[in-house]
Amino acid sequence: MNHNLRLGDERRDVLQATFDTVTQVWEGFDKARESEPELTAATAALLAETLPEQGMIHTDALGQAVDVLDQSLAQSRPRFLAYIGSSGLEIGAVADFLAASYDINLAVDARAASSLEVQTSKWLGEFIGFPNARGLFTSGGTVSNITALAAARHRAVPESREMGNTGPMAVYVSSEAHYSNKRAVELLGLGTRAVRSIAIDEQHRMVPAALEEQIRADMAAGVKPMCIIASAGTTLTGAIDPLREIARIAKTYDIWMHVDGAYGAPAAGTDVARDLFDGIELADSVTIDAHKWLFVPKACSIVLVKDYAALAATFGHNEAYMPHEGEEPNPVDVTLEYSRPLRALKLWLGFKAHGASEFRSAITKNIELAQETYSRASVNASFRVLHHRPQLSIVPLQHIPHGMTDPEQISKHNAALCSAIEKDGRVFLSPAVIDGETWLRPCFTNFRTELSDVDVLFEVIEDLGNKR
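Computed from a predicted structure; not experimentally measured.

(A) Local environment of the overall build of the chain. The number of helices and strands found in the chain is 16 helices and 11 strands. The C-alpha radius of gyration of the chain comes to 24 Å, within 12% of the 23 Å expected for a compact globule of 468 residues. Principal-axis analysis of the C-alpha atoms gives the chain an extent of 70 × 65 × 45 Å. Nonlocal contacts in the chain, meaning residues at least 24 apart in sequence, comprise 73% of its contacts between residues at least 6 apart. By element, 52% of the accessible surface of the chain is carried by carbon and sulfur atoms, the whole surface being about 22,200 Å². When the 43 basic and 61 acidic side-chain charges of the chain are each reduced to a single mean position, those positions are 3 Å apart.

Right, here's the structure in full:
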């Protein structure tokens, strides 16, 4: 056994074991399994062990890690229809292995790797129809949104870096916007009261007239409008706000417009959904989580901006221990992070290996599966759907037992049904509370999901729902 941190003589054995394991794992993801494995007594004991002072045979340690992973919930499985998950794109996993092996830090110029990040952000802007933009890869949508909001604050109140928040400011979101936006406002010291929750229409989209009315009221009261956050695919229903009209309002009142497209923005690259994102090109910034609907492994979020200098003005520090050569700012001077792994590689390699067209096709298939789910549920007396078809790939629905009419009972039934579905293991769903009622919320963001999985979804819901 080696007495250092190299694998040494076991290197090839570990790599071969890894190859064999990953091959088996990927093949296992090709089709859904009929139940989720229970946590075994052996694995529970393993996870209760104290700190190991001495090492073990490396391939044995690898095997234990695989046991833990296989008894965990994996969003890569084709019937994982909860939340908005990643799919563990295979070439993306390879990219992560390579990036971790080289362990490049993008805090400062890393030569070719830095150029790769710039190139990938431009590709993504081209993909979603947000041209002439540049971006940075972050750990997630929350950090991307905070980055954009910090830039918006600096533009609205340039002295805020030195003086802090010296006066009241307002950030405008739809009443269905993701809570990460509220968290960003809190972390920037603006306080939750700075968030203006704007009314939504029957399709859960922000109402522009209500937005403009609130902006005027704030200006009259001496409150500085700081940023409008438009949703391009809400987490709850997949709603897309009217981006062009919001952009008009933002320009009229000189307010930074940020598009939270963490989930939905990749659909802007498809023929079937492109028109829903009309006006996205007019925004100041856009957040996209590639680890959601671009299928790559977590974590891989991107914040795209039209004015890259705005990020440098917001985050730059001329520290003596960080080299500053030429006019190009270091990545550390345009983002929150000092330790920055090469997150872009997984998306770059995905585009290179498969081509943008394959990503478009996979997203389109997810949208088609959502439409099929809505169509089936809408003609089945055992189900209730929203009044409008899904804009993207989220399909809220309720199972309605025969003779049950009370909304409160229906909500309780669907909450209990969702728990039963999770325990059953054939499909994994999450609940959603919409207008005070509990719904089932299948969400299609996995390139592995097929029409046969939709068949099983309905079978499981009706099977378990009719037993309750």
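There's more to say after this.
(B) Layout of helix H1 (residues 11-29). If you check H1, its first and last C-alpha atoms are 27 Å apart, about what 19 residues at 1.5 Å a residue would give, namely 27 Å. At its buried positions, H1 is contacted by helix H3 (58-70).

(C) Local environment of the environment of Val-173. For Val-173, the location among the structural elements is in strand E2 (residues 169-174). The class for Val-173 is buried, based on a relative accessible area of 8%. Each C-alpha atom of the pair Val-173 and Leu-211 lies 8.7 Å from the other, and the pair is 38 residues apart in sequence. Val-173 has contacts with Asn-181, Val-195, Arg-196, Ser-197, Ile-198, Met-206 and Ile-229, leaving out every residue within four places of it along the chain.

(D) Quick peek at the layout of surface pockets. In this structure, the largest pocket encloses a volume near 1,100 Å³. Forming the boundary of the largest pocket are 33 residues, of which Val-22, Val-25, Trp-26, Phe-29 and Leu-69 lie nearest the centre. Per-element tally for the lining of the largest pocket: the top contributor is H1, with 12 residues. The residue inventory of the lining of the largest pocket, partitioned by class, reads 17 nonpolar, 10 polar and 6 charged.

(E) A look at the side chain of Asp-218. Inspection of the secondary structure puts Asp-218 in helix H9 (residues 208-220). We classify Asp-218 as buried; its relative accessible area is 4%. Excluding anything up to four places from it in sequence, Asp-218 contacts Ala-170, Tyr-172, Arg-196 and Val-223.

(F) Layout of the nonpolar core. Counting 64 residues, the largest nonpolar core has Ile-128 and Phe-277 as the members making the most contacts within it. When near neighbours in sequence (up to four residues on either side) are disregarded, Phe-277 contacts Ala-232, Ile-240, Leu-243, Gly-264, Ala-265, Ala-267, Ala-268 and Leu-392. Ala-148, Ala-152, Leu-188 and Trp-256 belong to the second-largest nonpolar core, a separate cluster that totals 28 residues.

(G) How the structure looks around empty space enclosed by the protein. With the rule as written, the count across this model stands at 3 cavities of 30 Å³ or more. Its boundaries defined by the atoms lining it, the largest cavity holds a volume of some 100 Å³. When its residues are assigned to classes, the lining of the largest cavity shows 6 nonpolar, 1 polar and 5 charged. Its boundaries defined by the atoms lining it, the second largest cavity holds a volume of some 50 Å³. Thr-237, Tyr-374, Leu-386, His-388, Arg-389, Pro-390, Ile-394, Val-395 and Pro-396 are the residues that line the second largest cavity.

(H) Examining helix H15 (residues 407-424) more closely. Here H15 contains 18 residues, and its C-alpha end-to-end distance of 25 Å stays within 8% of the 26 Å for a straight helix at 1.5 Å per residue. For H15, every residue scored as buried is listed here: Ile-410, Ser-411, His-413, Asn-414, Leu-417, Cys-418, Ala-420 and Ile-421. Next to the buried residues of H15 lie strand E9 (397-399), strand E10 (431-434), strand E11 (437-440) and helix H16 (451-465). A positive phi of about 95° marks Gly-425, the residue just after H15.

(I) Region of interest: the pattern of salt bridges. Applying the stated rule across the entire model yields 28 salt bridges. Here Arg-79 makes a salt bridge to Glu-34, at a shortest N to O gap of 3.3 Å. Of the two residues, Arg-79 is situated in the loop between H3 and helix H4 (90-102) and Glu-34 in the loop between H1 and helix H2 (41-46); the sequence distance between them amounts to 45 residues. The buried category is assigned to Arg-79, whose relative accessible area is 11%. Residue Arg-155 is joined to Asp-284 by a salt bridge in which the shortest nitrogen-to-oxygen separation is 3.2 Å. Taken together, the residues Arg-155 in helix H6 (residues 141-156) and Asp-284 in the loop between strand E5 (256-260) and strand E6 (285-289) connect sequence positions 129 residues apart. Note on Arg-155: relative accessible area 38%, which makes it partly exposed.

(J) Looking closely at the packing of aromatic side chains. For the structure on display, the rule yields 11 aromatic pairs. We note Arg-134 situated over the ring of Tyr-308; from NZ or CZ to the ring centre the distance is 4.0 Å.

(K) Structural context of the packing of H9 against helix H10 (residues 243-252). The contact between H9 and H10 brings their axes to 10 Å, and the two run at 15°. Here H9 lies roughly parallel to H10, going by the angle between them. For the pair H9 and H10, the sense of crossing is right-handed. Contacts between H9 and H10 involve Pro-208, Leu-211, Glu-212 and Ile-215 from the former and Glu-245, Ile-246, Arg-248 and Ile-249 from the latter. A breakdown of the residues in the contact of H9 with H10 according to their chemical character gives 5 nonpolar, no polar and 3 charged.

(L) Quick look at the sheet that holds E5. Overall, mixed pairing links the 7 strands, which are arranged E1-E7-E6-E5-E4-E2-E3 in an open sheet. The open sheet has two edge strands, strand E1 (134-138) and strand E3 (195-198), and neither has a second partner. Each strand of the sheet is rotated relative to its neighbour by a mean of 20°, with strand direction disregarded.

(M) How the structure looks around the pairing of E10. Burial along E10 is one-sided: the face carrying Ala-432 and Ile-434 is buried and the face carrying Pro-431 and Val-433 is not. Where E10 and E11 come together, 4 bridges link them in antiparallel fashion. Residue pairing for E11: Ala-432 is matched across the bridge by Trp-439. Connecting E10 to the antiparallel partner E11 that follows it, the hairpin turn spans 2 residues, and Asp-435 within it adopts a positive phi of roughly 50°.

Analysis parameters
For every chain, the first residue of its written sequence is number 1, and the numbers climb from 1 along that sequence. The predicted origin of the model limits local features to residues at a pLDDT of at least 70 and limits the giving and counting of side-chain atom pairs to 80 or more, whereas totals for whole chains, interfaces and linings rest on all residues. Here the side-chain values reflect all heavy atoms present in the structure, with hydrogen atoms and water set aside. For the purposes of this entry, the term helix denotes a DSSP run of H or I that reaches at least four residues, the term strand denotes a run of E that reaches at least two, and both are numbered from the N terminus. Radius of gyration: C-alpha atoms only; globule rule: 2.2 Å multiplied by the number of residues to the exponent 0.38. Residue contacts are defined here by distance: any two heavy atoms, one from each residue, within 4.5 Å place the two residues in contact. In these tables, accessible area is a Shrake-Rupley quantity obtained with a 1.4 Å probe, and a residue counts as shielded only by the protein chains included in the view. In this charge count, Lys and Arg are treated as positive and Asp and Glu as negative; neither His nor the chain ends contribute. Positions of charges follow a simple convention, taking NZ of Lys, CZ of Arg, CG of Asp or CD of Glu. By definition here, a helix of n residues has an expected span of 1.5 Å times n minus one. Whether a residue is buried, partly exposed or exposed follows from its accessible area with a 1.4 Å probe, protein chains only, as a fraction of its type maximum: under 20%, in between, or over 50%, in that order. Points on a 1 Å grid over protein atoms alone make up a cavity when a 1.4 Å probe fits among them but cannot get out, and a pocket when they form an open set with protein on both sides within 12 Å along at least five of seven lines; lining residues each have an atom within 4 Å of a point. Grid points are joined across faces, edges and corners, and a volume is the space filled by probe spheres set on the points. Note that Gly is not counted as nonpolar here; it falls among the polar residues with everything else outside the nonpolar set of Ala, Val, Leu, Ile, Met, Phe, Trp, Tyr, Cys and Pro and the charged set of Asp, Glu, Lys and Arg. Side-chain atoms within 4.5 Å are what join buried Ala, Val, Leu, Ile, Met, Phe, Trp, Tyr and Cys residues into a set we call a nonpolar core. Think of a salt bridge as a Lys or Arg side-chain nitrogen and an Asp or Glu carboxyl oxygen that are within 4 Å of each other. In summary, the pairing rule links any two rings of Phe, Tyr or Trp, Trp by its six-membered ring, whose centres are within 6.5 Å, and it sorts them by plane angle into stacked for under 30 degrees, edge-to-face for over 60 and tilted for everything else. By definition here, charges over rings are those cases where NZ of Lys or CZ of Arg is within 6 Å of the ring centre and within 35 degrees of the ring normal. Comment: axis = line fitted to C-alpha atoms, over the contacting stretch for helices; angle = value between 0 and 180 degrees taken between N-to-C directions. Roughly parallel means an angle under 35 degrees; roughly antiparallel, over 145; roughly perpendicular, 65 to 115; everything else is oblique. The sense of a crossing depends on the near helix, which, turned anticlockwise from the far helix by less than a right angle, makes the crossing left-handed and, turned clockwise, makes it right-handed. When DSSP finds two or more bridges between a pair of strands, those strands are recorded as paired.

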